[in-house]
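# Structure at a glance
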Amino acid sequence: MTVAARRIDPDVWTKEQFLAWAETRAGDRSYEFDGVRPVAMAPATLGHNEIARNIREKIRDRLSAGMGCKTYGPQQPIETVGGALREPDAFIACSAQHRTSVTIAAPVVVFEVLSSGKENRQRDEVDKVDEYESVPTILRYVIVESESRGVRVFWREPGERAWRREPPDAAGPLDLPEFGIMLAFDEIYEGVEFD
């Protein structure tokens, strides 16, 4: 979409408009920015939040202190090439961040824990695959099931443009070779029981 089209169409927002608007929504529902307008995020289940927290904590405990990398999420957005601001459930970035930063630059590994609902799954499994692929620093995108045990991994070597796709995995462990970290599924799903 061109800049001229953005000015003409009142339904098309800029990133700056979205961030100013989002700042006034404290305590309200969470929103992402799809590059055009706000998109309401589904309320997360307890299991969803538990899985995301497990991932962030287990990775944080294993990242090398001298590496300069940190885990973030779920309310720190990353910006994609298309101008979208997405808030992954967990991600690792290795760039210096100022304490007043809103968006986090140069994410390396991104995790989305699937939310229930067809529209939410579509966003994580299709839209975000393309959006995260557009960010050259993202080397691995991990989609984590929340209603059963399983992950799908999209990855690439540094300098590659296109994702390589691994088949769905329901057993694990999840390998994050970028950081020399392995996560057992028992760690990812700790405290979460399925029917």
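Quantities reported herein were computed from a predicted structural model and do not represent experimental measurements.

## Concerning the pattern of salt bridges
If you walk through the whole model with that rule in mind, you get 17 salt bridges. Here glutamate 79 makes a salt bridge to lysine 15, at a shortest N to O gap of 3.0 Å. Highlighted residues: glutamate 79 in strand E4 (residues 78–79) and lysine 15 in helix H2 (residues 15–23), separated in sequence by 64 residues. A salt bridge links glutamate 160 to arginine 164, with the nearest nitrogen and oxygen atoms 2.5 Å apart. Relative accessible area serves as the criterion here: at 38%, arginine 164 is assigned to the partly exposed category.

## What to know about the packing of aromatic side chains
Counted under the stated rule, the structure contains 10 aromatic pairs. Plain terms: the ring middles of tryptophan 13 and tryptophan 21 are 5.4 Å apart, the flat faces sit at 90 degrees to each other, and that makes the pair edge-to-face. Between tyrosine 72 and phenylalanine 91, the ring centres sit 5.4 Å apart and the planes meet at 25 degrees, which makes this aromatic pair stacked. Of this pair, tyrosine 72 sits in strand E3 (residues 70–72) while phenylalanine 91 sits in strand E6 (residues 90–93), and the two are 19 residues apart along the sequence. Each member of the pair, tyrosine 72 as well as phenylalanine 91, is classed as buried. In textbook terms, an aromatic cluster arises when at least three aromatic residues are bridged by ring pairs, as seen for Trp13, Phe18, Trp21, Tyr31 and Phe33. Sitting over the ring of tryptophan 163, arginine 156 keeps its end group 4.4 Å from the ring centre.

Analysis parameters
- Residues numbered from 1 in each chain as written.
- Predicted model: local features only at pLDDT ≥ 70, side-chain atom pairs only at ≥ 80, totals over all residues.
- Heavy atoms only, no water.
- Salt bridge = Lys/Arg side-chain N within 4 Å of Asp/Glu carboxyl O.
- Helix = DSSP H or I, 4+ residues; strand = E, 2+ residues; numbered from the N terminus.
- Buried < 20%, exposed > 50% of the residue type's maximum accessible area, 1.4 Å probe, protein only.
- Phe/Tyr/Trp six-rings, centres within 6.5 Å; stacked < 30°, edge-to-face > 60°.
- Lys NZ or Arg CZ within 6 Å of the ring centre and 35° of its normal.

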